[in-house]
Amino acid sequence: MPLLFLIILFLAARAVMLPGAGEGLAFLFKPDWGKISPQVILVALGTAFFSLGIGNGVMVTYGSYINKRND
């Protein structure tokens, strides 16, 4: 696991050193608040609730296959 962590750190450092990385980071961390509308918020909430519903369904289905003695 420590080796995987080091690989991730190396890849992140390498990505920041690439040409145009500053523009990409600015795009990521400086959002354009003018593009957020009530429709965008509604779609984002719908996506979040759908994801939670799918995750809950998968957990219930997975739980039905394990023994009662398992945690």
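Calculation rules
Residues numbered from 1 in each chain as written. Predicted model: local features only at pLDDT ≥ 70, side-chain atom pairs only at ≥ 80, totals over all residues. Heavy atoms only, no water. Helix = DSSP H or I, 4+ residues; strand = E, 2+ residues; numbered from the N terminus. Buried < 20%, exposed > 50% of the residue type's maximum accessible area, 1.4 Å probe, protein only. Areas by Shrake-Rupley, 256 points an atom, 1.4 Å probe, with all protein chains shown as cover. Patch = residues over 30% accessible without salt bridge, like charges linked within 9 Å, V, L, I, M, F, W, Y side chains within 5 Å. Salt bridge = Lys/Arg side-chain N within 4 Å of Asp/Glu carboxyl O. pLDDT = per-residue confidence, 0-100. Expected span 1.5 Å × (residues − 1).

A. Focus on the overall build of the chain. Counting its secondary structure elements, the chain contains three helices and zero strands. When the helices and strands of the chain are read in sequence order from the N terminus, they spell out α-α-α. Based on the C-alpha atoms only, the size of the chain along its principal axes is roughly 55 × 45 × 15 Å. Within the chain, the fraction of its 71 residues that count as buried is 1%. Counting every atom, the chain has about 7,000 Å² of accessible surface; 74% of that belongs to carbon and sulfur.

B. Up close: a nonpolar patch on the surface. On the surface, a cluster of nonpolar side chains totalling about 770 Å² of accessible area is made up of Trp 33, Ile 36, Val 40, Ile 41, Leu 45, Phe 49 and Leu 52. As for its placement among the helices and strands, Ile 41 is situated in helix H3 (residues 38-63).

C. Examining the environment of Asn 70 more closely. In this structure, Asn 70 sits in the segment after H3. Given a relative accessible area of 44%, Asn 70 falls into the partly exposed group. C-alpha of Asn 70 to C-alpha of Leu 42: the two residues are 28 residues apart in sequence and 39 Å apart in space.

D. Broad picture of the confidence of the model for the chain. Per-residue pLDDT for the chain averages 90, and the proportion of residues at 70 or more is 100%. Averaged over each element, pLDDT in the chain is lowest for H3 (88) and highest for helix H1 (residues 2-17) (95).

E. Structural view of the environment of Val 60. Secondary-structure assignment places Val 60 in helix H3. A C-alpha to C-alpha distance of 39 Å links Val 60 and Phe 27, two positions 33 residues apart in sequence.

F. Layout of H1. With 16 residues, H1 ought to run about 22 Å at 1.5 Å a step, and its terminal C-alpha atoms sit 23 Å apart, in line with that. Of all 16 residues making up H1, only zero are buried, and the element is barely covered by its neighbours.

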